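Analysis of the macromolecular model
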Amino acid sequence: MHDVYSDLSAVIAGVRFQNPVIAASGTFGYGREYRELLDVSCLGGICTKGLTLNPRQGNTGRRLHETPSGLLNSIGLENPGIPSFLEKELPALRELGPVVIANLSGADVEEYAEGARLLDESSVDMIELNISCPNVKKGGMAFGLDPENAASVVAAARKAAAHKPLMVKLSPNAPDLTAVAQACVDSGADALSLVNTFKAMAIDIYRRKPVFDNVTAGLSGPAIKPIALRMVWELSERFPAVPLVGIGGIASAEDALEFLMAGACAVQVGSATFAHPPASAEIIGGIAAYMVDRRCASLRELRIEKPGCRGNGENPRY
Ligand SMILES: Cc1cc2nc3c(=O)[nH]c(=O)nc-3n(C[C@H](O)[C@H](O)[C@H](O)COP(=O)(O)O)c2cc1C
């Protein structure tokens, strides 16, 4: 019965994932850091920490701050740079088994394009274009707030990485998320992942100062889940043929199932891994158990049909 009713595989832009659970960027290092804490090979995919062309030190001061049901971070894209990642991290990451997704960021269009070109020549399976990081002064989220800016960077990355599937990671802070998503799809995005963190802040009342040197930070965790879910639902209604990867506060199989029902093809698990490192493995087991119990043959069957939404996921391009 298990074989018949629990095919958990997902195909996104031609890349096959053994199941729909992916470790979210910035919360899983380069994979090897978690080898002692869970069976990393059971994951569907691993998104790397955000990569930039050149190494970055990240932000000064406090970088993490817990809130009720959430986590604020101000990491600032600390990373060793793409050439070092390719040489020192990618070979070991490849050995782990799951689909390898390189999360790419940059300060300007040229840096994104050069990063995309280097990744195009590498063995990564997919690029996740991060146009939604709220913690850097230049680039990052600035590209994800406005459709024209998003189009320029997605088109440049698409051209530079002609051989790799391109997923664009959206910002929930965009004033018009649908317009940004449309611009990304029109400029060559094969898939969309959503959401990155919400711009937020905290104040240290004893120092009478913002907690973070940058003043603002990015909010993640269970607090954002209902909003992220609503955004996935709306984009899936608007773009039924575009593969969506749901992100935001997913900490249990039930959370993941909500996103899959809302229209996501797969999900990413971020902050939950910090609180409970085996969270992703348990989520995979829980989705499988639910599907067996409900006699669901495929993930597609989980999706809630939306009235007036024809051709749900039927586009042969995906
Ligand atoms: C400490 C930390 C670092 C992050 N770094 C990145 C990053 O480098 N690139 C990126 O696209 N998203 C980054 N994110 C955002 C997550 O990938 C994810 O989109 C967000 O945390 C929402 O998911 P969650 O609620 O499951 O954590 C980071 C999140 C956290 C908490």
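Below, the structure is looked at part by part. Because the structure is a prediction, the values reported are computed rather than measured.

1. Some details on the site of the ligand
Within the structure, the ligand sits among 27 residues, and Gly26, Gly50, Ser220, Gly270 and Ser271 are positioned closest to it. Its residues placed into classes, the shell around the ligand shows 10 nonpolar, 15 polar and 2 charged.

2. As for the sheet that holds strand 7 (residues 99–104)
The 8 strands are arranged 3-4-7-8-9-10-15-16 in a closed barrel whose pairing can be described as parallel. The sheet shows a mean angle of 25° between the axes of neighbouring strands, taken without regard to direction. In terms of strand pairing, strand 3 (residues 21–23) meets strand 4 (residues 45–47) through 2 bridges, oriented parallel. Paired with Ile22 across the bridge in strand 4 is Gly45.

3. Details of the environment of Gly106
Looking at the secondary structure, you find Gly106 in the loop between strand 7 and helix 3 (109–120). Separated by 30 residues in sequence, Gly106 and Val136 place their C-alpha atoms 9.6 Å apart. In this structure, Gly106 is in contact with Thr52, Leu53, Glu111, Tyr112, Gly115 and Gly139, ignoring residues within four places of it in sequence.

4. Digging into the packing of helix 7 (residues 253–262) against helix 9 (residues 279–293)
One way to put it is that helix 7 packs onto helix 9 with a least axis distance of 8 Å and a crossing angle of 65°. In the packing of helix 7 onto helix 9, the handedness of the crossing is right-handed. Counted together, Ala253, Ala256 and Leu257 of helix 7 and Ile283, Gly286, Ile287 and Tyr290 of helix 9 form the full contact between these two elements. Across the contact of helix 7 with helix 9, the residue classes tally to 6 nonpolar, 1 polar and no charged.

5. Some words on the sheet that holds strand 5 (residues 64–67)
Within the open sheet, the 4 strands sit side by side as 5-6-14-11. Their pairing is antiparallel. Every other strand in the sheet has two partners, leaving strand 5 and strand 11 (198–201) as the edge strands with one partner each. Neighbouring strand axes in the sheet, compared pairwise and without regard to direction, differ in orientation by 40° on average.

6. A look at helix 2 (residues 82–95)
The terminal C-alpha atoms of helix 2, which comprises 14 residues, lie 18 Å apart, in line with the 20 Å expected from a rise of 1.5 Å per residue. When the local axis directions of helix 2 are compared, the greatest deviation, roughly 50°, occurs at Glu89, which is followed within four positions by the proline Pro91. Among the residues making up helix 2, those that are buried are Ile82, Phe85, Leu90 and Leu93. Those residues of helix 2 that are buried lie in contact with strand 4, strand 7 and helix 3. Directly after helix 2, the chain includes Gly97, whose backbone phi takes a positive value near 115°.

7. Description of helix 5 (residues 177–186)
Within helix 5 the residues assigned to the buried category are Leu177, Val180, Ala181, Ala183, Cys184 and Val185. Each element contacted by the buried residues of helix 5 is listed here: helix 4 (147–160), strand 9 (166–169), strand 10 (191–194) and helix 6 (225–238).

8. Some points on the pairing of strand 6 (residues 70–73)
One face of the sheet, then the other: side chains in a regular strand alternate in exactly this way. Sheet topology note: the strand 5/strand 6 ladder contains 4 bridges and is antiparallel. Note on strand 6: the bridge partner recorded for Glu66 is Leu71. Pairing between strand 6 and strand 14 (residues 216–220): 3 bridges, direction antiparallel. Among the inter-strand pairings, Asn73 is bridged to a residue of strand 14, identified as Gly218.

9. Regarding the nonpolar core
Of all hydrophobic cores here, the largest spans 103 residues; its most connected members are Ile22, Ile127, Leu192, Val232 and Val267. With 7 residues, helix 4 is the largest single contributor of residues to this core. Each residue touching Val267, except ones within four places of it in the same chain, is listed here: Pro20, Val21, Ile22, Val245, Gly246, Ile247, Ile250, Ala256, Phe259 and Leu260.

What counts and how
- Residues numbered from 1 in each chain as written.
- Predicted model: local features only at pLDDT ≥ 70, side-chain atom pairs only at ≥ 80, totals over all residues.
- Near = placed C-beta within 6 Å.
- Nonpolar A, V, L, I, M, F, W, Y, C, P; charged D, E, K, R; others polar.
- Pairing = 2+ DSSP bridges.
- Helix = DSSP H or I, 4+ residues; strand = E, 2+ residues; numbered from the N terminus.
- Axes fitted to C-alpha atoms, helices over the stretch in contact; angles between N-to-C directions.
- Contact = placed C-beta atoms within 7 Å.
- Left-handed = near helix turned anticlockwise from the far one by under 90°.
- Expected span 1.5 Å × (residues − 1).
- Bend = angle between axes of the 7 residues up to and from the residue.
- Buried ≥ 20, exposed ≤ 12 C-beta atoms within 10 Å, placed from the backbone.
- Core = buried A, V, L, I, M, F, W, Y, C linked by C-beta atoms within 7 Å.

Read these as geometric descriptors, not functional statements.
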